[in-house]
4 protein chains.
Amino acid sequence: MASLDQLRRQVWEANQGIYRAGLVTMHSGNASGIDRERGLVIIKPSGMDYDKMKPADLVVTDLEGKKVRGKWKPSVDLPHHLYIYRHRPDTGGVIHTHSNHATALAMLGRSIPAYLTAIADEFGDEIPCAPYVDNIGDHIGEAVIAAAGRSPVVLLANHGVFAFGPTVAAAFKAAVMVEDVSRTCHLALQLGQPKPLPPSEVKKWYDRYHSTYGQNEG
Amino acid sequence: MASLDQLRRQVWEANQGIYRAGLVTMHSGNASGIDRERGLVIIKPSGMDYDKMKPADLVVTDLEGKKVRGKWKPSVDLPHHLYIYRHRPDTGGVIHTHSNHATALAMLGRSIPAYLTAIADEFGDEIPCAPYVDNIGDHIGEAVIAAAGRSPVVLLANHGVFAFGPTVAAAFKAAVMVEDVSRTCHLALQLGQPKPLPPSEVKKWYDRYHSTYGQNEG
Amino acid sequence: MASLDQLRRQVWEANQGIYRAGLVTMHSGNASGIDRERGLVIIKPSGMDYDKMKPADLVVTDLEGKKVRGKWKPSVDLPHHLYIYRHRPDTGGVIHTHSNHATALAMLGRSIPAYLTAIADEFGDEIPCAPYVDNIGDHIGEAVIAAAGRSPVVLLANHGVFAFGPTVAAAFKAAVMVEDVSRTCHLALQLGQPKPLPPSEVKKWYDRYHSTYGQNEG
Amino acid sequence: MASLDQLRRQVWEANQGIYRAGLVTMHSGNASGIDRERGLVIIKPSGMDYDKMKPADLVVTDLEGKKVRGKWKPSVDLPHHLYIYRHRPDTGGVIHTHSNHATALAMLGRSIPAYLTAIADEFGDEIPCAPYVDNIGDHIGEAVIAAAGRSPVVLLANHGVFAFGPTVAAAFKAAVMVEDVSRTCHLALQLGQPKPLPPSEVKKWYDRYHSTYGQNEG
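Here's a quick rundown of the structure. (Residues numbered from 1 in each chain as written. Chains lettered and ligands numbered in written order. Predicted model: local features only at pLDDT ≥ 70, side-chain atom pairs only at ≥ 80, totals over all residues. Heavy atoms only, no water.)

### Section: the relation of the copies chain B and chain A
- Rotating chain B by 90 degrees and translating it 0.0 Å along the rotation axis places it on chain A, where the RMSD comes to 0.0 Å. On this basis, the relationship between the two copies can be described by a four-fold rotation axis. Among all C-alpha atoms of chain B, that of Q190(B) lies closest to the rotation axis, at 4.8 Å.
- Mapped onto chain A, only 3% of the interface residues of chain B again fall at the interface, so the copies present different surfaces. (Least-squares fit on C-alpha atoms with pLDDT ≥ 70 in both. Contact = heavy atoms within 4.5 Å.)

### Here's the deal with the pairing of strand β5 (residues 93-97) of chain C
All names here are of chain C.
- Counting buried positions along β5 gives 5 out of 5 residues, so the element sits mostly inside the fold.
- Alternating positions in β5 separate into two faces, G93, I95 and T97 on one and V94 and H96 on the other, with burial throughout.
- When strand β1 (residues 30-35) meets β5, the two strands line up antiparallel, connected through 4 bridges. The partner of S32 across the bridge, within β5, is V94.
- Pairing of β5 with strand β8 (residues 160-165) involves 5 bridges; the strand directions are antiparallel. Directly across from G93, in β8, lies its bridge partner G165. (Buried < 20%, exposed > 50% of the residue type's maximum accessible area, 1.4 Å probe, protein only. Helix = DSSP H or I, 4+ residues; strand = E, 2+ residues; numbered from the N terminus. Pairing = 2+ DSSP bridges.)

### Some remarks on the pattern of salt bridges
- A complete count under the given rule lists 40 salt bridges over all chains for this structure.
- Taken together, the shared-partner salt bridges in this structure form one network comprising D134(A), E201(B) and K204(B). (Salt bridge = Lys/Arg side-chain N within 4 Å of Asp/Glu carboxyl O.)

### Observations regarding the interface of chain B and chain A
- With 31 residues of chain B in contact, the opposing surface of chain A contributes 31 residues.
- Buried area between chain B and chain A, summed over both chains or domains, comes out near 2,900 Å², and the portion from carbon and sulfur atoms is 58%.
- Sorting the residues of chain B by area buried against chain A places L191(B), Y213(B) and Q215(B) first, and these three jointly supply 24% of that buried surface.
- Note that R208(B) is salt-bridged to D77(A), the shortest N-O span being 3.9 Å.
- Connecting chain B to chain A are 18 residue pairs in polar contact (both at pLDDT 80 or more).
- Elements supplying a minimum of two residues to the side of chain B that touches chain A: α4 (117-123), α6 (168-191) and α7 (199-209) of chain B.
- By residue number, the principal contributor to the side of chain B that touches chain A is α6(B), which donates 12 residues.
- Looking at side-chain class alone, the side of chain B that touches chain A contains 14 nonpolar, 9 polar and 8 charged residues. (Buried area = accessible area lost by both parts, 1.4 Å probe. Polar contact = N/O pair within 3.5 Å; in protein donor to acceptor, adjacent residues only side chain to side chain. Nonpolar A, V, L, I, M, F, W, Y, C, P; charged D, E, K, R; others polar.)

All quantities given are derived from atomic positions and should not be read as evidence of function.
What follows is the structure in structure tokens.
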């Protein structure tokens, strides 16, 4: 069983990572991770400069959002993270960004079809865009879960991106990759209408990526 | 009461910040701050390399623009900063940039509607674009104040951006955020026509952001 | 005869180079080099962070893809590298990326005409785009070789870029330059229809570049 | 009288500067400076990595292009630099780039009207685009001089940018600024048709910028 300090380090690295990768600006966005055994979530504090944030600044809460440890207030987006953790028991990390290209497509309410082998690899299907919802109660969490399917990323119309995965590192990878493929798709859509890969082709890439790719045997 | 040296440091950091954030190029742009109690303004010198500028190079003037301290000439945009300080007593910092995406929208004379929850959060309404004015007398300052409303940023047609706020740090945040949301909006506008959030939705985000966000109690 | 350690260093530098140049994201892409005398290929491991990869992490295989040295699994794209090495005996290095601008044109199935003197210099003709192929067997290698002609780069529809050259450094230069000219071409194509240079003009630039340019006598 | 070593340092800094500013890629582009009293030009060597280039690697030639000092071959673009030095006796530095946004407009044969106060400030008029010419003899130098007028920058159709000025630093500033304003103009032109400033307004900005701006008295 990993220690809470290890999770704290992972969440801090993910928050630093989305900042250095240009997925967030000033105080926008946030990353969290969950310790399922202890029932604790670690998340970025609200409105804090990324480049001044230290691991000790992160906030620890329980699954109802009650602060357990930390001197700062947690991100105002904490309820959305918690909703995802409660409704997707396979989730270990959640990241929220307003990354420019993904959010631009979300501003138009557009899902991203599997135009690229990289989309097939990572997402296994089109990347869904949930309709606009306000910030009251669980509206955002509900919209994300309703739209997700097996995609590790949901775009939120007029708002931004939620990415998640079995680990904080997996959520980070999904957050980076959705911006990268959104950028390539946006560039192509400016010049013409690309053709999505048919589902049978998408499956070939997804299956290979999720069986033989990386250093773990499939 | 903060010392003048603290303000000098803040103004220097804001000038370094707009340079490192890519909001200014070569010698374009400038940041200033005001010490209301002493009636003194600190501003970037004219035509100086950002990466060679030291805090001691900044110029101190009174509210009529008379140099009080410093070996260099102040920015030629000093009169516009002073005009804003005189007409908006709640202003502690002013920043001028030609940041690319915001200026591109300004080149077309376009205000930026509240297409994004991030615009609602930070600006509370559409970000106004003032009509083109020349560089004579107070024309620029007048145009900025006439267009501002409660927005902390005004675009100036065919010219660039003025951002301001209760502190130098707040002006800096507004200058960074207007470029960020301009970039996302520009990307969306290339592909289609996004729908602005209705005023009732904008209010929800603005009110939350200005009450519960960050580390100060609302 | 260069040592295998020198080649290992070159391949590591090319992998670092494509990452620092922004041509690859997270785990996408890979660079390899061949030692023709020893019949050995050195390639990036599958799914490894670029910024944590050390030269010793690279994988050494023979020309049939059998691992000869290394603790990690090789890139899943190894078969495509090997196919190119077998069918182009003048090739010393191969690089695969999903670099955004080149891949956006590939997403539309577009070859890149010689719109620029820089394209004439480096590529000597239009940069070809091969049709979409799946990831089975040698389909990708075959598509690349069939489309290449004398171009050191082939775009693969809905997928990305393969670049190659007599050395690993030459493949790296081709991978960087195709993204650079794709970016400029994309920018122009957003605003209008540029005219390609006629073949007689392309020849002038290509011949000069390949005779008098650089520090080696033509 | 400045020493030749000072000029060598300035030319080296300009070459480093265009690389760090992203105006050149791999081996593209070059910067030079002239010592009018000694009749000597210092220029980048052909095909050398910018980040490995040391001041001692630069090549010294006379105004006919005969190498006077240095172990490397000079840039193949040397004749164009020399032509500009011979025909514009007020020129102290010349820079050639393929910077993406300026070159994209050049690819379409477009001059850049004074859409922005920043263009009026720096260029005093529209930035001209010379028609395509080949690389034979003085064709490029002739095209640049014929198109320049008082602009410190000329775009070359299907090719790139020549920037020059009374000093190497002035040429560098012009090369940076043309890419910056090209980027903003390109962004605006994607969404609509901006209106250029009328000549009487351009004159106001240019005259202020060239009289009261900076630290030298006008």
